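Examination of the molecular architecture
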Amino acid sequence: MQFELNEEQKIMQKMAREFAEKEVAPGAAERDEKSQTSRALYNAMGEMGFTGICFPEKYGGADGDYISYMLVLEEIAKADSGMNTVLSASVSLCAWPIYAFGTEEQKQKYLVPLVEGRTMGAFGLTEANAGTDAASQQTVAVRDGDNYIINGSKLFITNGGEAETYVIFAMTDKTKGVKGISAFILEKGMHGFSFGKEEHKMGIRSSQTLELIFQDIKVPAANLLGKEGEGFKVAMATLDGGRIGIAAQALGIAQAALDHAVKYAKERVQFGKPIAANQAIAFMLADMATKVDAARLLTYRAAYLKQAGLPYSKESAMAKMYAGDAAMSVTTDAVQIFGGYGYSKEYPVERLMRDAKITQIYEGTNQVQRMVVSSALLR
Ligand code: CAA
């Protein structure tokens, strides 16, 4: 067992850190305030190669490893976790399933531009009445010759409206339950594909979240992703990987909050001494740092298992659940250490606390993660 990053990973971490500090952090507060995403920043992340780290060279990727990708997500999340969401939704939830389940033709047409950052991706699973119960989809896809006709809608879709490529799920046979769900690749601009209301969110406000509306969209059968009836497996396998990315996002948020809190506790003087000299504050910092490190170890372990081709479903759920809870707790404590200033937008810990909350909710609530972990234990 070794706890050191290798040279390649260190280079990637340094590159991402410099990029995040120079290009991402400066506009983060403004994007949050205006609830505005930045396509230019996404494009720049593509040019840096962040959209293609863990894909093979033959699809435009860098043939890198999953830990390197997590290091990048962590650095972007430290600076602006909404932009991290934009990146990870595109890479983990759209490019990855096309890579893992797509035909060669689908990979050439959709994966290569995603990997090269020339297009953006999104993932449409959730519906108004199918959140945690992802199997109770209402969107339907009916075979019609060489096409499928898709009707329905999807809610809370990251990159909705902005993305060009969408991996979505629909029932192809309602009588078969989970086994009646299929995955499809949709393109923005397909006739009958439109966008509904935009969500006004508590955090990750620099990512766009929209409703997708499907009205008699004629989708070529060639856009079926995986086999008919295998959509739920495609969704679950995709989320297994995506959840490691959410753990990395939570880790970045928590690390940033800890860094701000340590600095502030050393600078802020009350009763003639820095507040860090009080054991109440010092012990809070110790607990925060321990949670950040535990989250890091779980996140990197899950990424290592995925890279090594070993089972990682339970471990990715553990990492997402722990890191998400740690981010919420660490950011709350950071705000507490900053006191009144922490509650104000003058310091970034307020935004970090709002951004942390979603990591306990999306890509499966942390209660769902506990279901995944416990069912693996009790199987
Ligand atoms: N990989 C592959 N297949 C899997 C799987 C996995 N990780 N997990 C389950 N399956 C398969 C099972 O093997 C089973 O198939 P078989 O019968 O052939 O074995 C089938 O799927 C059904 O499995 P379960 O009975 O275990 O599934 P379930 O209905 O009990 O659901 C659940 C379990 C964990 C609650 C699941 O529904 C779930 O994860 N729900 C949460 C959904 C979610 O994460 N939504 C987030 C939306 S995306 C989002 O937030 C993105 C964004 O925009 C950023």
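A short tour of the structure in this document, coming up.

**Considerations on the packing of aromatic side chains**
Evaluation of the coordinates by the stated rule reveals 15 aromatic pairs. Here the aromatic rings of F19 and F50 are separated by 5.5 Å at their centres, their planes lie at 85 degrees, and the arrangement is edge-to-face. Taken together, the residues F19 in helix α1 (residues 7–24) and F50 in the loop between α3 (39–47) and α4 (66–79) connect sequence positions 31 residues apart. On the basis of relative accessible area, F50 is assigned to the buried category, the value being 0%.

**Points about helix α8 (residues 279–308)**
For α8, with 30 residues, the first-to-last C-alpha span of 43 Å sits near the 44 Å given by 1.5 Å per residue. Positive backbone phi, approximately 75 degrees, marks G309, located one or two places after α8.

**Some details on the site of the ligand**
The ligand sits among 24 residues. The nearest are K179, D240, R243, E363 and G364. Interatomic distance of 2.9 Å between a backbone N/O atom of T132 and a nitrogen atom of the ligand. Measuring from an oxygen atom of the ligand, one finds a side-chain N or O atom of R243 at 2.9 Å. A total of 1,100 Å² of accessible area belongs to the ligand in isolation, and the protein chains cover 68% of it. Counting residues per element, the ones that place at least two in the shell around the ligand are β3 (147–158), α7 (231–267) and α11 (366–378). When residues in the shell around the ligand are grouped by element, the largest group, 7 residues, is from α7. Grouping the amino acids of the shell around the ligand by side-chain chemistry returns 13 nonpolar, 6 polar and 5 charged.

**Re the nonpolar core**
If you look at the biggest cluster of nonpolar residues, it comprises 109 residues, and the most contacted ones within it are F50 and L186. Per-element accounting of this core gives the leading share, 16 residues, to α7. The contact partners of L186, leaving out residues within four places of it in the chain, are I150, E164, T165, Y166, I168, F193, F214, I217 and V219.

**Some words on the pairing of β3**
Pairing of strand β2 (residues 140–144) with β3 involves 5 bridges; the strand directions are antiparallel. The residue of β3 that forms the bridge with A141 is I150. Between β2 and β3, which pair antiparallel and follow one another directly, the connecting turn spans 2 residues, one of which, G145, has a positive phi of 65 degrees. The pairing of β3 with strand β7 (residues 209–220) spans 9 bridges and is classified as antiparallel. What sits directly across from S153, in β7, is I213.

**Here we look at the layout of surface pockets**
Approximately 1,000 Å³ is the volume found for the largest pocket. Per-class residue counts for the lining of the largest pocket are 20 nonpolar, 11 polar and 7 charged. In this structure, the second largest pocket encloses a volume near 620 Å³. Lining the second largest pocket are 17 residues, and of these Q2, F3, I67, Y300 and Y304 lie nearest its centre. At the level of secondary structure, the elements contributing two or more residues to the lining of the second largest pocket comprise α1 and α8. A per-element tally of the lining of the second largest pocket places α8 first, with 6 residues.

**Some words on the packing of helix α9 (residues 313–338) against α11**
Where α9 contacts α11, the two axes come as close as 9 Å, and the packing angle between them is 145 degrees. In terms of crossing hand, the pair formed by α9 and α11 is left-handed. For the pair α9 and α11, contact is made by S313, K314, A317, M318, K320, M321, G324 and D325 and by N366, Q369, R370, V372, V373, A376 and L377, respectively. Here the residues of the contact of α9 with α11 are counted per class, giving 7 nonpolar, 4 polar and 4 charged.

**Considerations on the packing of α8 against α9**
Following both chains from N to C, one finds α8 and α9 inclined at 155 degrees, their axes separated by 9 Å at the closest point. Classified by the interaxial angle, the pair formed by α8 and α9 is roughly antiparallel. Between α8 and α9 lies a crossing of left-handed hand. Tallied by class, residues from the contact of α8 with α9 come to 18 nonpolar, 4 polar and 4 charged.

Conventions and cut-offs
- Residues numbered from 1 in each chain as written.
- Predicted model: local features only at pLDDT ≥ 70, side-chain atom pairs only at ≥ 80, totals over all residues.
- Heavy atoms only, no water.
- Phe/Tyr/Trp six-rings, centres within 6.5 Å; stacked < 30°, edge-to-face > 60°.
- Helix = DSSP H or I, 4+ residues; strand = E, 2+ residues; numbered from the N terminus.
- Buried < 20%, exposed > 50% of the residue type's maximum accessible area, 1.4 Å probe, protein only.
- Expected span 1.5 Å × (residues − 1).
- Near = heavy atom within 4 Å.
- Polar contact = N/O pair within 3.5 Å; in protein donor to acceptor, adjacent residues only side chain to side chain.
- Areas by Shrake-Rupley, 256 points an atom, 1.4 Å probe, with all protein chains shown as cover.
- Nonpolar A, V, L, I, M, F, W, Y, C, P; charged D, E, K, R; others polar.
- Core = buried A, V, L, I, M, F, W, Y, C linked by side-chain atoms within 4.5 Å.
- Contact = heavy atoms within 4.5 Å.
- Pairing = 2+ DSSP bridges.
- 1 Å grid on protein atoms, 1.4 Å probe; cavity = no way out; pocket = protein on both sides within 12 Å on 5 of 7 lines; lining within 4 Å.
- Points joined across faces, edges and corners; volume = space filled by probe spheres on them.
- Axes fitted to C-alpha atoms, helices over the stretch in contact; angles between N-to-C directions.
- Left-handed = near helix turned anticlockwise from the far one by under 90°.
- Parallel < 35°, antiparallel > 145°, perpendicular 65-115°, else oblique.

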